[in-house]
Amino acid sequence: QLQLVESGGGLVQPGGSLRLSCTTSEFSLNDFAIGWFRQVPGKEREGVSCISVSGIYTKYADSVKGRFSISRHHASNTVTLQIDRLGPEDTGVYYCAADTTRRTPLLLPGEYEYWGQGTQVTVSS
């Protein structure tokens, strides 16, 4: 099975920033719509951001608008999620995923076929 690899998570104080990265050696992320999702124990996985194949269209959950930014980095086959002004509510395991069926993605976990193992983000003082 094809897998993506996330990195960049860690422990950060409220108000701090993190940059999460998503990549793979198995295919080009440039050819697929990419989404970022997060999950906390006892709750459903939720979408936070996604980006179209072209990179022109981006979508953000209302709870993260203005604080999260998704970007493509073609030369390194990487999609990043810049997270600013972190709060405790942002704590969770963050996953990236690729949608093989749509060039313009939806922010729904069931629409994505390739996934990573996740990277832990913990926001605590």
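Preceding this paragraph is the structure being described.
What you are looking at is a predicted structure, and each value in this text was computed from that prediction instead of being measured.

Whenever I open this one, the packing of aromatic side chains confuses me. Can you help?
Pairs of aromatic rings are described using the distance from one ring centre to the other and the angle between the two planes. The full count for this structure, using the stated rule, is 7 aromatic pairs. Note on Phe-37 and Tyr-112: the rings are 5.0 Å apart at their centroids and 75° apart in plane angle, and the pair reads as edge-to-face. Residue Phe-37 is found in strand β4 (residues 33–39), and its partner Tyr-112 is found in the loop between β9 (92–99) and β10 (114–116); the two are separated by 75 residues along the sequence. A single burial state applies to Phe-37 and to Tyr-112, both of which are buried. Plain terms: the ring middles of Tyr-95 and Trp-115 are 6.4 Å apart, the flat faces sit at 75° to each other, and that makes the pair edge-to-face. One end of the pair, Tyr-95, is in strand β9; the other, Trp-115, is in strand β10, and 20 residues separate them in sequence. Residues Tyr-95 and Trp-115 agree in their burial class; the two are buried. Joined through ring pairs, the aromatic side chains of Phe-37, Tyr-95, Tyr-112 and Trp-115 make up one cluster. Lying over the aromatic face of Tyr-95, Arg-45 brings its terminal NZ or CZ to 3.9 Å of the ring centre. A cation over a ring is seen here: Arg-45 above Trp-115, with NZ or CZ 4.9 Å from the ring centre.

Hey, could you run me through the pairing of β4 in this one?
Every regular strand shows the same layout, with side chains that alternate between the two sheet faces. For β4, the tally of buried residues reaches 6 of 7 residues, placing the bulk of the element in the interior. Across 7 bridges, the pairing between β4 and β9 is antiparallel. Bridge pairing links Trp-36 to Cys-96 in β9. Here 5 bridges tie β4 to strand β5 (residues 46–51), and the two strands are oriented antiparallel to one another. Among the inter-strand pairings, Gly-35 is bridged to a residue of β5, identified as Cys-50. The hairpin turn running from β4 into β5, its antiparallel successor, is 6 residues long, and Gly-42 in that turn takes a positive phi close to 85°.

Honestly, unusual backbone geometry in this entry has me stumped. Any pointers?
For residues that are not glycine, phi is negative in most cases, and the peptide bond is trans in most cases. Here the phi dihedral of Asn-77 falls at roughly 50°; this positive angle occurs in a residue that is not glycine. Its location among the elements puts Asn-77 in the loop between β7 (68–73) and β8 (78–83). Of note, Arg-85 is a non-glycine position whose phi angle comes to about 50°, a positive value. Relative to the assigned elements, Arg-85 resides in the loop between β8 and β9.

So, how was this worked out
- Residues numbered from 1 in each chain as written.
- Predicted model: local features only at pLDDT ≥ 70, side-chain atom pairs only at ≥ 80, totals over all residues.
- Heavy atoms only, no water.
- Phe/Tyr/Trp six-rings, centres within 6.5 Å; stacked < 30°, edge-to-face > 60°.
- Helix = DSSP H or I, 4+ residues; strand = E, 2+ residues; numbered from the N terminus.
- Buried < 20%, exposed > 50% of the residue type's maximum accessible area, 1.4 Å probe, protein only.
- Lys NZ or Arg CZ within 6 Å of the ring centre and 35° of its normal.
- Pairing = 2+ DSSP bridges.

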